[in-house]
Structures are given as structure tokens and as C-alpha cells.
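Topology and contacts: notes
Listed below, chain by chain, are the residues.
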Amino acid sequence: MCANVFGVLKSLFGKPFDGGKRMEHRGPPQQQQQTMATEQPPQCPPSQHPAMMRLYEVHRQVTALGPQVCTFSGLPDDRDYKRLERELTRLLLEVDRVDTEGKAELQAARKRAAQEVEGLLRYLEENARHPSRQAMEELSEEARRLVECRVVAPQREGGAAHIDDELTEALQQLVLRLTQVKTEGRVPLRKARYRALTRLCAVQDVLDGRTPQQMLSLPLSGETHAAVHTINQVMAKVSVARSQLVALLMGLSGRDSCAHLSRLLMEMQVELDALDVSGNAAVRNYRKQVVEEINGLLKHLDLEGEGEDTRRYDLAQNESIREIEAVRAHVQHLREGVLRHCTAGEPGFWPKAELQGLLSHLDQVETAKNPCIREARRRAVVEVQAVVTFLDLREALACRRPSPEEHPAHRAVWAALASLSELQAQALGFDGKRADKSYVVLEELLTKQLLALDAVDPRGDDGAKVARKQAVKFAQNILNYLDMKTDEWEY
């Protein structure tokens, strides 16, 4: 006889199937890059009509502004936004002033030029005011307030920063929420998200890499070596510099600048290099530790142009992403095979060993501390685990041999699990959007199963209570999976 319902549920749902609350839309469509105003304007013949020559000049200027507009990742209040908006508005007025003399050819050319400029203006505004862009700014502002309250303000007032597990967890949650903001494949949104993530991750790194407070004095004192007092003084300056760097990264710097802080840190290095610590290994190691901490701060001072002059925000060509996408494509193939055999009533296709191998492969994918790559890998893991859990439940249902004395609550939970197995098959095969009728119907059916499980009376049976709880969790996981599959997240 098969194991009881409690044992089966424990084995099924003890697995980390619900590895996250959101999951990406399977294979997000690659959106075309903006190509407005990127072509070279044709050469204007010397004898061209004056109106056409003015339109050629407008087109030339639009061509120059196009790449700037199509990669702008800021907000409407930014200086560059206002400059681009002003330039495009000027060009639009220039087009409006062109006298076509009623000629159809000139009117058509003027209309095309106006559409070009209006298209760039519309694209500029859409990205700067996009809900995802606003969400990024709100999360960044939340991070700024947190860092200001816990790190920057206390040190400006002469106290110590309040760096603890609570702060670390709060920052990590903000990183996760930023990672899950949708970009729709738009370059400006990808750049903005990458820039915000890079700065927040740098703040995490700076705070995590700090020397513990007790290391300022170590077991050493000024009597140990003449250089200890100087190293302690430099260490105190490094602590202040760390707070300044965090403020710079989060836009709370006031009068400070990256160049100024870089000079201060390099002066500290020079001061440490000039110390004679020969003959004392403990002092030499102490100086080395402080030097390494200064180097750790210096490496984060090149973030001023991060995301602007690089294409690291575009992960489509990243080797780790390619590995993850290859795994996802293979999972899709296996998932389709599993569903095909289940529909045909052929339970012989159980590629669990192959799926477990894919999980092991995903564990080895290098993320380089990039939160977007980590999120992409996590979502791929959830996809694999969803199929594994489906196979496990099908296998448990197939070998179930209920006895006449089976507790009514156990029987009711098993009945719900049988229905959930069919609904999970539909969820695994779903390839639509949230607005689709099939999505709404599937969501309603899953909700009904949750209500049915809530109505199960365990009658004091502890095993039935735990089994019902695990079954409810499983139903919620399917809802989460369906939700995540349609959230159109994109790295």
C-alpha cells in the first residue's frame, strides 16, 4: 500500500518548489531596438528647393539626437531630459515653419519630418514616465532614506553607523524588488534598472566589507609599535570615507565628489606606504588589512558613469544567461513531452533524473554577483522544480491504494490533490497572458480547490491537519507559478 497522505505530501512539498514569488514570462519576445533617426540622411542636391534643404537639415539634426533619446534612462526632471526635449521641440517648430507652397511633395516630406521628431519626443517621454521607471525611482528613494537614516546621518553627527542584520536584510529585499521590475526589453529601462542595482549592490559590498569595530585597536596599542597609532588614525579616516562613499553611491553626498574622495583615499595609501613596519608581523598585517579596505572602497568610485558608457546592462549576450536560456529551452522540451504522454495516458515518460541534472547544472552557473542573472537562474530553477513536483504527485496518485478505514479528511485531501494535479498540468502548458479567458478560468478553478481544502475537517487528526496545510501550500504554489509565468519579467 502506498504511503499515507501525510508522508507523500511531506516528500512532495518539502522541496523548494516555491523558490520565488514571481516567475518570468517564458521566452519573453525580443523587442526590436529603436531605429528612429539612426539612418544617414541622403545628400541634398545643390539645386534642391530651399524648403527641402531645410527639411534635410532637420533630418540631420534628428539623426544626431536619435541615439541620445533612444538610450536616455533618466527622469523628466533631469538636465539631459530637458535639453533633449528642448532640442526636439525646437526642431518640431522648425518643421512647422517650413513653407511648402502647396506642393504635395514638400507637404509629404514635411509630414515625414514632423513624424520623426514627434516619434522621438513620444519615446523620450514614454520611457522617462514609464510606470517601471517610476517604480525604480521609488525603490531607489526607499534605499536612500534607509541608508541616510542608518549610515550617513549618524556618522555626520559624529556617531557610529547602525549596520546590522536588519539593515542588510532590508537592502537585500530592495535589490530583489528592483531585480523584478519589468523592462519590456526597452534599453532605457534596462539601463536605469542596471544603474540602480549596481549602486545598491555596491553599497551592500561596502557595508559588508567593513572591518569590525574591534579591529581598530586589535590587541595592539601604541606601545607595540610606533606605526600603530598612525594606522589607527588612518583606519578611523577609512570609516568616515566609507560613509562618504555610501552617500555618494546613493546620491546623498552634498558637496562631496568621487574625485575628492578618491584623492583622500589615495593620500591614506601613501601615508600607510611610508610607514616602517619591518620586524613586526602583527603590525605589518594590520597595515595590509587597512590597505585592502582602502582598495575595496576605491574600486567602487568608478560607478559615476556605470550603465552609461557600457553595455553591461544588456545581458542578452552574457554567457551565464545563455546557459540559463539553454536549460530553459531543454526544460520546455521535457515539459511538453511529459504533458503529451500524460494526455495520451502513457505514464512511462518520467525524465526526473534528467531534470535533477538540469538543477545541478543551474547551481553551477556563474552569476558574478549580478542580481539580474541570479533572478534569471532562480526562475529557471523554479521551472524545473515545477515539472519535478508534477511528476512526483502523478506518481503518488498512481500508486495510491486507499483502505476502507482511511480517515475522511485524508480522502478529501487526496481528492483535492487529484484535481490539483490536473490543474497543474494546465498551468504547465499555459502559454498566454493574464487577460486571456483561459487564465481567468484556471485561476478560478485553483481558488475553488483552495476553498475546498479550507472546508476539510481534520477532526482532530494531526496528520490530516498537516496534509491539508501542505496541499493548500501546493495549490498556492500553482497559482504563484501561473502568475509568475505571465508577469513578463525580463533580464
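What follows deals with the overall build of the chain. Within the chain, the secondary structure is distributed over 16 helices and zero strands. The burial tally for the chain puts 47% of its 491 residues in the buried class. For the chain, contacts bridging at least 24 residues in sequence account for 79% of all contacts bridging at least 6. By element, 50% of the accessible surface of the chain is carried by carbon and sulfur atoms, the whole surface being about 25000 Å².

All right, on to the pattern of salt bridges then. Summed over the entire model, instances satisfying the criterion amount to 29 salt bridges. A salt bridge links Arg133 to Glu137, with the nearest nitrogen and oxygen atoms 3.9 Å apart. Residue Arg133 and its partner Glu137 are located together in helix H5 (residues 131–156), separated by four residues, close to a single helical turn. Owing to a relative accessible area of 10%, Arg133 belongs among the buried residues under this scheme. Here Glu137 falls in the partly exposed class, since its relative accessible area comes to 24%. One salt-bridge network, held together by shared partners, links Arg133, Glu137, Glu141, Arg144 and Arg145.

Its identity is not glycine, yet Glu184 carries a phi of approximately 55°, on the positive side. Residue placement: Glu184 occurs in the loop between helix H6 (165–179) and helix H7 (187–208). Classification of Glu184 as partly exposed rests on a relative accessible area of 33%. The backbone phi angle of Arg459 is positive, close to 55°, even though this residue is not glycine. Here Arg459 is to be found in the loop between helix H15 (437–454) and helix H16 (462–485).

The subject of this paragraph is the side chain of Thr367. With respect to the helices and strands, Thr367 occurs in the loop between helix H12 (352–363) and helix H13 (371–398). The class for Thr367 is buried, based on a relative accessible area of 10%. Apart from the residues lying within four places of it in its own chain, the contact partners of Thr367 are Ile373, Arg374 and Arg377.

Attention now goes to the packing of aromatic side chains. Working definition: an aromatic ring pair is given by the centre-to-centre distance plus the angle between the planes. With the rule as written, the count across this model stands at two aromatic pairs. When the ring of Phe72 is compared with that of Tyr81, the centres are 5.9 Å apart and the planes differ by 45°; the resulting orientation is tilted. Look at Phe72 and you get buried, because its relative accessible area is 10%. Residues Phe430 and Tyr439 carry aromatic rings whose centres are separated by 5.9 Å and whose planes lie at 55° to one another, so their mutual orientation is tilted. Under the relative-accessibility criterion, Phe430 is labelled buried at 8%.

For the rest of this paragraph, the subject is the environment of Gly119. Among the structural elements, Gly119 can be located in helix H4 (residues 104–128). For Gly119, a relative accessible area of 7% translates into the label buried. Between the alpha carbons of Gly119 and Gly66 there is a distance of 10.0 Å; along the sequence they are 53 residues apart.

Moving on, we come to helix H11 (residues 319–343). Spanning 25 residues, H11 covers 36 Å between terminal C-alpha atoms, matching the ideal 36 Å at 1.5 Å per step. For H11, the set of buried residues is Ser320, Ile321, Ile324, Val327, Arg328, Val331, Leu334, Arg335, Gly337, Val338 and Leu339. Buried positions along H11 lie against H12, H13, helix H14 (408–429) and H16. Here H11 starts with a cap whose side-chain oxygen sits 2.8 Å from the backbone nitrogen of Ser320, and that cap is Asn318.

Next up on the list: the packing of helix H2 (residues 50–71) against helix H3 (residues 79–96). Relative to each other, H2 and H3 sit at 160°, their axes nearing to 10 Å. With respect to H3, the element H2 is oriented roughly antiparallel. Viewed along their axes, H2 and H3 form a crossing whose handedness is left-handed. Of the residues in H3, those in contact with Arg54, Leu55, Val58, Gln61, Val62, Leu65, Gln68 and Val69 of H2 are Arg83, Leu84, Glu87, Leu88, Arg90, Leu91, Glu94 and Val95. Its residues assigned to classes, the contact of H2 with H3 comprises nine nonpolar, two polar and five charged.

Detailed reading of predicted coordinates is not advised where the pLDDT is low. On average, residues of the chain score 81 in pLDDT, and 82% of them reach the 70 mark or higher. The lowest-confidence element of the chain is helix H1 (residues 5–13), averaging 54 in pLDDT; the highest-confidence one is H3, averaging 94. Contacts for the low-pLDDT stretch residues 14–42, under 50 throughout, to residues beyond four places or in other chains number 86 contacts. Note on residues 305–310: pLDDT under 50 across the span, and 11 contacts to partners over four residues away in sequence or across chains.

With that settled, consider the environment of Asn232. Tracing the backbone through its elements, the reader meets Asn232 in helix H8 (residues 228–249). Measuring from C-alpha to C-alpha, the distance between Asn232 and Val290 comes to 9.2 Å, with 58 residues separating the pair along the chain.

Where H8 meets helix H10 (residues 281–298), the closest approach of the two axes is 10 Å, and the angle between their N-to-C directions is 20°. The angle between H8 and H10 places the two elements in the roughly parallel class. For H8 against H10, the interelement crossing comes out left-handed. Two secondary-structure elements touch here, H8 through Val228, Ile231, Asn232, Val234, Met235, Val238, Ala241, Arg242 and Leu245 and H10 through Val283, Tyr286, Arg287, Val290, Glu293, Ile294 and Leu297.

In this section: the nonpolar core. The biggest cluster of nonpolar side chains holds 106 residues, and the ones touching the most others in it are Val147, Val290 and Leu420. In terms of residues, this core owes the most to one element, H13, which gives 13 residues. If we skip the residues at most four places from it in the chain, Val147 touches Val152, Leu171, Val203, Val246, Met250 and Leu252. Listed in part, the 26 residues of the second largest apolar core include Leu65, Val69, Leu91 and Leu124.

Conventions and cut-offs
- Residues numbered from 1 in each chain as written.
- Predicted model: local features only at pLDDT ≥ 70, side-chain atom pairs only at ≥ 80, totals over all residues.
- Heavy atoms only, no water.
- Helix = DSSP H or I, 4+ residues; strand = E, 2+ residues; numbered from the N terminus.
- Buried < 20%, exposed > 50% of the residue type's maximum accessible area, 1.4 Å probe, protein only.
- Contact = heavy atoms within 4.5 Å.
- Areas by Shrake-Rupley, 256 points an atom, 1.4 Å probe, with all protein chains shown as cover.
- Salt bridge = Lys/Arg side-chain N within 4 Å of Asp/Glu carboxyl O.
- Phe/Tyr/Trp six-rings, centres within 6.5 Å; stacked < 30°, edge-to-face > 60°.
- Expected span 1.5 Å × (residues − 1).
- Polar contact = N/O pair within 3.5 Å; in protein donor to acceptor, adjacent residues only side chain to side chain.
- Axes fitted to C-alpha atoms, helices over the stretch in contact; angles between N-to-C directions.
- Parallel < 35°, antiparallel > 145°, perpendicular 65-115°, else oblique.
- Left-handed = near helix turned anticlockwise from the far one by under 90°.
- Nonpolar A, V, L, I, M, F, W, Y, C, P; charged D, E, K, R; others polar.
- pLDDT = per-residue confidence, 0-100.
- Core = buried A, V, L, I, M, F, W, Y, C linked by side-chain atoms within 4.5 Å.

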